[in-house]
Structures are given as C-alpha cells and as structure tokens.
Amino acid sequence: MKRLNFKPIKLALICIVSVSIYGHAQQGNVTINQDQKITELLELKKEMNKNASDRYKIQIYSGGRNEAYKVQKEFDESFTNWKSIDAFEEPNFKIWVGSFRNRLEADRALKEIKQKYPNAFVFQPKK
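Everything in this summary refers to the structure shown in the same document.

Re the overall build of the protein
Item 1. Scanning the protein for helices and strands turns up four helices and four strands.
Item 2. In sequence order, the secondary structure elements of the protein are arranged as α-α-β-α-β-β-α-β.
Item 3. Each of the 127 residues in the protein was classed as buried or not, and the buried ones make up 24%.
Item 4. Within the protein, residue pairs in contact and separated by at least 24 positions form 65% of the contacts whose partners lie at least 6 positions apart.
Item 5. Carbon and sulfur atoms make up 55% of the accessible area of the protein, which amounts to about 10800 Å² in all.

This is the structure:
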C-alpha cells in the first residue's frame, strides 16, 4: 500500500489561508497637498472657457454673397491653420477667421493673413 505525502497539500493550504487573511484590501486616507495658486489657475481657466464668446476674430471680407463665398474658398485653400466662417450682418456677408483667446494671438495671425488680405482686421464679435 502506498502512503500519501501530505506536505504539499499542507503547504498549499497554508498559502491559501495566508493569502485570504492578509490579502484583503487595505483602507486608508489620502491627503493631497498642493499650492493654492493651482486652484486659482483652475478657476481662472474655467472662467476663460466659460467666456469663449469673448474671443477675437479676424474679418477678411464684407460684401456680396457670391464674392464672400469665393473669398472664403480661397482663404480655406491658402490657410489651413485657421477655420473660416461666413456671417450675415445686414446688408453684408462677412468672412470671419479664427477664434483667438487673446489679442496677441489674433495680431500674430493678422500679420500673416494681411499679406493676402490687406484690409483684414481684428475684432470681438458682439454678444
């Protein structure tokens, strides 16, 4: 008659019991220490995003409908960095470019755009 070796079974059983006792999830508290200025910056960013209508645009054309669409098509082919939109403000169709967060960004783009559209200018749309 052959005798069974219980050592591996005992060892496996001890491992299973140990893992089940010590393997439970640990609980604890996490404290985050951050500079107060980070919170202020996040609030400022939220405020800026909320006021997206306060952005600057560049007008490159104002006039008749057919010419406006022609100018818009030419612009879109020449400048891929900025999106153009058409707007109607009675009695003219206008082509507006970009949505710039501040005047400095708009002025930088205007410098490049004025090479092809010398009458272009920066403005803030009415709310």
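Next, the rest of the story.
What to know about the packing of aromatic side chains
Item 1. In the structure shown here, the tally under the stated rule is eight aromatic pairs.
Item 2. Taking 6.1 Å as the distance between ring centres and 55° as the angle between the ring planes, the aromatic pair formed by F121 and F123 counts as tilted.
Item 3. Look at F121 and you get partly exposed, because its relative accessible area is 38%.

A closer look at the pattern of salt bridges
Pairs may arise between side chains of opposite charge once their charged atoms sit close together.
Item 1. Throughout the structure, instances matching the rule amount to three salt bridges.
Item 2. The shortest N-O distance in the salt bridge between E105 and R101 comes to 2.8 Å.
Item 3. By relative accessible area, E105 is classed as partly exposed at 24%.
Item 4. Using a relative accessible area of 52% as the deciding quantity, one classes R101 as exposed.

Looking at the pairing of strand β2 (residues 84-89)
Item 1. Of the pairings in the sheet, the one linking β2 to strand β3 (residues 92-100) comprises six bridges and is antiparallel in character. Bridging across to β3, S84 finds its partner in V97.
Item 2. Between β2 and β3, which pair antiparallel one after the other, the connecting turn spans two residues.

Quick word on the nonpolar core
Item 1. Within the largest apolar cluster, 20 residues are counted, with the highest numbers of intra-cluster contacts made by I58, I60, F75, W82, I113 and Y117.
Item 2. Secondary-structure elements contributing two or more residues to this core are β1 (56-63), α3 (65-78), β3 and α4 (103-113).
Item 3. I113 has contacts with I58, I60, F75, F79, W82, V97 and A120, leaving out every residue within four places of it along the chain.

Structural notes on the sheet that holds β2
Item 1. Across the sheet, which stays open at both edges, the four strands sit in the order β2-β3-β1-β4 with antiparallel pairing between neighbours. For this open sheet the edge positions go to β2 and β4 (121-123), each flanked by a neighbour on one side alone. Within this sheet the neighbouring strands show an average axis-to-axis angle of 40°, counted without direction.
Item 2. Bridge count between β1 and β4: three bridges; the pairing is antiparallel. Bridged to I58 within β4 is V122.
Item 3. Against the sheet, α4 touches β1, β3 and β4, its axis set at about 40° to β1.

Details of unusual backbone geometry
Item 1. Following E90, the chain continues into P91 via a peptide bond in cis, with omega recorded as 10°.
Item 2. Mapped onto the fold, P91 is located in the loop between β2 and β3.

About the thresholds
- Residues numbered from 1 in each chain as written.
- Predicted model: local features only at pLDDT ≥ 70, side-chain atom pairs only at ≥ 80, totals over all residues.
- Heavy atoms only, no water.
- Helix = DSSP H or I, 4+ residues; strand = E, 2+ residues; numbered from the N terminus.
- Buried < 20%, exposed > 50% of the residue type's maximum accessible area, 1.4 Å probe, protein only.
- Contact = heavy atoms within 4.5 Å.
- Areas by Shrake-Rupley, 256 points an atom, 1.4 Å probe, with all protein chains shown as cover.
- Phe/Tyr/Trp six-rings, centres within 6.5 Å; stacked < 30°, edge-to-face > 60°.
- Salt bridge = Lys/Arg side-chain N within 4 Å of Asp/Glu carboxyl O.
- Pairing = 2+ DSSP bridges.
- Core = buried A, V, L, I, M, F, W, Y, C linked by side-chain atoms within 4.5 Å.
- Axes fitted to C-alpha atoms, helices over the stretch in contact; angles between N-to-C directions.

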